[in-house]
Amino acid sequence: NGTLSYTTVTTIRGYIRTAIEKMQQFNPNSNVDIGELYMAMAFVEMSLSETYCSGIPLGKIDGPSPDYSDPAFKPLTNNEVYDAALIHVDSALTLVGNGTDAASVAVRSASLITKARILINKAQFTQAAALVPTSAVPSTFQYTWVTQTSSNNDDLGIWTVNNSVARLTVSDSFDIIGGQVNQIRNALPFASANDPRVPVVLNTTSPAEDGTTPLYVQRIWPNRDDPIPMVSGIDARLIEAEARLNASDIAGMMTILNQLRADRPRIGNFQPAAMTPIATVPATQAAAVTLFFREKGFWTFGRGQRLGDLRRLIRQYGRTEDNVFPKGNYLKGGVYGSDVNFPVADGELVNPQFHGCINRSA
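Conventions we followed
Residues numbered from 1 in each chain as written. Predicted model: local features only at pLDDT ≥ 70, side-chain atom pairs only at ≥ 80, totals over all residues. Heavy atoms only, no water. Patch = residues over 30% accessible without salt bridge, like charges linked within 9 Å, V, L, I, M, F, W, Y side chains within 5 Å. Areas by Shrake-Rupley, 256 points an atom, 1.4 Å probe, with all protein chains shown as cover. Salt bridge = Lys/Arg side-chain N within 4 Å of Asp/Glu carboxyl O. Helix = DSSP H or I, 4+ residues; strand = E, 2+ residues; numbered from the N terminus. Buried < 20%, exposed > 50% of the residue type's maximum accessible area, 1.4 Å probe, protein only. Pairing = 2+ DSSP bridges. Core = buried A, V, L, I, M, F, W, Y, C linked by side-chain atoms within 4.5 Å. Contact = heavy atoms within 4.5 Å. Phe/Tyr/Trp six-rings, centres within 6.5 Å; stacked < 30°, edge-to-face > 60°. Expected span 1.5 Å × (residues − 1). Axes fitted to C-alpha atoms, helices over the stretch in contact; angles between N-to-C directions. Parallel < 35°, antiparallel > 145°, perpendicular 65-115°, else oblique. Left-handed = near helix turned anticlockwise from the far one by under 90°. Nonpolar A, V, L, I, M, F, W, Y, C, P; charged D, E, K, R; others polar. Disulfide = S-S within 2.5 Å.

*Asks:* Help me understand a nonpolar patch on the surface in this model?
*Replies:* Together, F174, I176 and V181 give the surface a local cluster of nonpolar side chains, amounting to about 280 Å² of exposed area. Within the secondary structure, F174 sits in strand β4 (residues 174–177). Classification of F174 as partly exposed rests on a relative accessible area of 35%.

Shown next as structure tokens:
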């Protein structure tokens, strides 16, 4: 969060854009590689829009310094950023085409999932699901990020902040304040649920970095260089399940969710332990929504999807902020607030077209 992450992500987008330009100049026949770069740009833009408020400029630098009069520096709404991401992921799919070699299949599958996620953000559920059937994206598919063991500065981020330096602990639906149990409304019990998809262990020898907070350590990625999925077949099945949910086909949604539990696809190198099927079918649409997002929360833990999903529960499913985001007393004092996204960082104020968030709504 904060300026560092926003600047880092927008800088990455700039690097990708430059890489596309140079590949087109010096290696124009490498369609799969160029397509992969377009897919990466779409993923970054989608992630920006899921995380930050409306008002994100997608600027570009073509010379020694930015031309802030360029229309590209105009702040965009979240929906406009999603539209830009769609253009780029469609470029990826066009470049990859129907190639059957391993690289083409991998980039095409990753691009299809990325496009489907963008469409889910735009509430186009049927169109999203049509992109990622098992014939196009099997549940076992993973497009992973892998860090380098040789570099201490290139470790997997979630391993660094949790397993290594103990700056973050796995969250829960309650904590202990003054010896009393304090419930955190709307929060998922990631640390205490004993769910096979999010294995945790309590560090009994030392607390978190602040010296007082209990340190719950995630075990999905127990090593500094474990691969983490950017997109995966799990995402594809969840997209299909959500399309069934929005078609009021609760039984169909349950079939997909329980098949995922039975198949237990890998998350990086980690495979969840055996899970029992969900026996009780939700009796109402509202209960089905709650169940779906709980299941998705455990399947996608640590992969940057939860905030976007909480925003969608407000924007697409009509729930109010106080029934979606964590509520109650905060462990470090005060109470949980009411923001539903991160503000675009003040570092953007060098752009005279930018004047802060257009709005802070979901």
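Back to the text.
*Asks:* Please explain unusual backbone geometry as it appears in this structure.
*Replies:* Note: most residues except glycine have negative phi, and most peptide bonds are trans. With a phi angle near 60°, S248 is a residue other than glycine that sits in the positive phi range. When you line up the elements, S248 lands in the loop between α7 (233–246) and α8 (250–263).

*Asks:* Got a minute to help me understand the pairing of β4 in this structure?
*Replies:* A regular strand carries its side chains on alternate faces of the sheet. Where β4 meets strand β5 (residues 180–183), 4 bridges bridge the pair, whose relative direction is antiparallel. In the strand pairing of β5, I176 is matched with V181. Hairpin remark: β4 followed by β5, antiparallel, with 2 residues in the connecting loop; positive phi at G178, about 60°.

*Asks:* What's the story with the pattern of salt bridges in this structure? I'm lost.
*Replies:* As a working rule, side chains carrying opposite charge can pair if their charged atoms are close by. For the structure on display, the rule yields 22 salt bridges. With its nearest N and O atoms 3.1 Å apart, the salt bridge here joins R17 to D62. Here R17 is found in helix α1 (residues 2–26), whereas its partner D62 is found in the loop between β1 (56–57) and β2 (75–76), with 45 residues between them in sequence. Judged by its relative accessible area of 55%, D62 is exposed. Among the ionic pairs, R312 bridges to D309, the shortest N-O distance being 3.0 Å. Of this pair, R312 and D309 both sit in helix α10 (residues 306–315), separated by 3 residues, roughly a single helical turn.

*Asks:* Is there a simple way to think about the nonpolar core in this case?
*Replies:* As a rule of thumb, nonpolar side chains are buried together in soluble globular proteins. In terms of nonpolar packing, the biggest core is built from 88 residues, with I56, V132, V231, M253 and F292 touching the most fellow members. Contacts of V231, omitting those with residues within four sequence positions, involve F43, A110, I113, T114, F141, Q142, Y143 and R303.

*Asks:* Would you mind going over the environment of A166 with me for this structure?
*Replies:* Looking at the secondary structure, you find A166 in the loop between α6 (157–164) and β4. Once the C-alpha coordinates of A166 and E45 are considered, the two residues, 121 residues apart in sequence, prove to be 30 Å apart. Excluding residues within four positions of it along the chain, A166 makes contact with T160, V161, P207, A208, E209 and L215.

*Asks:* Please explain the packing of aromatic side chains as it appears in this structure.
*Replies:* The geometry of an aromatic ring pair comes down to the distance between the two centres and the angle between the two planes. Inspection of every chain in the model, using the stated rule, returns 10 aromatic pairs. A centroid spacing of 5.4 Å and a plane angle of 75° characterise the contact between Y330 and Y336, whose relative ring orientation is edge-to-face. With relative accessibility at 37%, the residue Y330 sits in the partly exposed group. Here the aromatic residues F125, F292, F293 and Y317 are joined through ring pairs into a cluster of three or more.

*Asks:* What should I look at first to understand helix α3 (residues 78–96) in this one?
*Replies:* Every α-helix carries 3.6 residues per turn, so stepping three or four residues along brings you back to the same face. Its 19 residues place the ends of α3 27 Å apart at the C-alpha level, agreeing with the 27 Å of an ideal helix rising 1.5 Å per residue. Looking at α3, one finds that the buried residues are N78, V81, Y82, A84, A85, L86, H88, V89, A92, L93 and V96. Structurally, α3 contributes buried residues whose contacts are with α2 (31–51), β1, β2, α4 (102–121) and α10. Just downstream of α3, G97 is the residue with a positive phi angle, here 65°.

*Asks:* When you look at the packing of α8 against helix α9 (residues 285–299) in this model, what are you seeing that I'm missing?
*Replies:* Each packed pair of helices is defined by two parameters, the angle between the axes and the distance between the axes. Following both chains from N to C, one finds α8 and α9 inclined at 20°, their axes separated by 11 Å at the closest point. In terms of their interaxial angle, α8 and α9 are classed as roughly parallel. Considering the relative orientation of α8 and α9, their crossing is left-handed. Contacts between α8 and α9 pair I250, M253, M254, L257, L260 and R261 from the former with Q285, A288, L291, F292, E295 and W299 from the latter. For the contact of α8 with α9, the class distribution of residues is 9 nonpolar, 1 polar and 2 charged.

*Asks:* Just checking my understanding: could you explain the state of the cysteines for this structure?
*Replies:* Simply put, disulfide is the name for a covalent bond between the sulfur atoms of two cysteines. Per the counting criterion, the structure on display carries 1 disulfide. C53 shares a disulfide with C357; S-S distance 2.0 Å. The sign of the S-S torsion, about -80°, decides the handedness of the disulfide formed by C53 and C357: left-handed. Of this pair, C53 sits in the loop between α2 and β1 while C357 sits in the segment after α10, placing them 304 residues apart in sequence. C357 gets classed as partly exposed once you look at its relative accessible area, which sits at 26%.

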